[in-house]
Amino acid sequence: MDIALFLTDLTKYVLAGCLVMGVANWMFWTKYNSHVFRLKMLEAGHAARKELQPLRLQAYERLVLFVERIAPANMLLRLHEPGLDAEAFQHLLVSEIRAEYQHNITQQLYVSTAAWAVTKQLKERTVALIRNAAAGLPANADAKELSTVILEHINTLDENPYDLALKAIKSELER
């Protein structure tokens, strides 16, 4: 009987030890796997940010270029064609702004919402400026007169909206 009692006690202790080891192992592996999962997620996030950073910088570059290209001082010089009447020049300017905007529309994926809103608002205000300037001209006005009115309007403003937009875009990039 001593052997049966001994084997029973041995079995109890072995099962208790196995149970303790199993619970400890389960707790360790759960925490370990959780830790490893978090590390892998951090590494994946870091890798994604590393890959996204050049695209983000390029998108902000494109927005700065867009703002520079639709600034009236630059756009009027670039698109001026002698002999155009004001209405044709107005249509040319507006279509150029829209084409530039459409060319850069996908950049909103990589820039902040605020930076994109500034860009979109600047585009709309530039189109409105051109249309309002053209509406105030006589029917026989030429492109030079339209250019003069647009530039005079920009000069009467306290702050250049294109410079303000560039500052806003740059400040969003720094965040």
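Residues numbered from 1 in each chain as written. Predicted model: local features only at pLDDT ≥ 70, side-chain atom pairs only at ≥ 80, totals over all residues. Heavy atoms only, no water.

Q: Looking at this structure, I do not really get the packing of helix H4 (residues 113-135) against helix H6 (residues 161-174). What am I missing?
A: Each packed pair of helices is defined by two parameters, the angle between the axes and the distance between the axes. Running from amino to carboxyl end, H4 crosses H6 at an angle of 170°, the nearest separation of the two axes being 9 Å. It follows that H4 is roughly antiparallel to H6 by the angle criterion. Note that H4 runs across H6; the crossing there is left-handed. From H4, Ala114, Ala115, Val118, Thr119, Leu122, Thr126 and Leu129 reach across to H6, where they touch Pro161, Tyr162, Ala165, Ala168, Ile169 and Glu172. Across the contact of H4 with H6, the residue classes tally to 10 nonpolar, 2 polar and 1 charged. (Axes fitted to C-alpha atoms, helices over the stretch in contact; angles between N-to-C directions. Helix = DSSP H or I, 4+ residues; strand = E, 2+ residues; numbered from the N terminus. Parallel < 35°, antiparallel > 145°, perpendicular 65-115°, else oblique. Left-handed = near helix turned anticlockwise from the far one by under 90°. Contact = heavy atoms within 4.5 Å. Nonpolar A, V, L, I, M, F, W, Y, C, P; charged D, E, K, R; others polar.)

Q: What am I meant to see in the packing of helix H2 (residues 72-79) against helix H3 (residues 86-104) here?
A: Running from amino to carboxyl end, H2 crosses H3 at an angle of 115°, the nearest separation of the two axes being 11 Å. Crossing handedness for the pair H2 and H3: right-handed. Across from Met75, Leu76, Arg78 and Leu79 in H2, the residues of H3 making contact are Phe89, Leu92, Leu93, Glu96 and Ile97. For the contact of H2 with H3, the residue count by class is 7 nonpolar, no polar and 2 charged.

Q: Hey, could you run me through the side chain of Thr119 in this one?
A: In this fold, Thr119 is placed in helix H4. Residue Thr119 is classed as buried on the basis of its relative accessible area, which comes to 1%. What Thr119 contacts, discounting residues up to four positions off in sequence, is Leu63, Phe66 and Ile169. (Buried < 20%, exposed > 50% of the residue type's maximum accessible area, 1.4 Å probe, protein only.)

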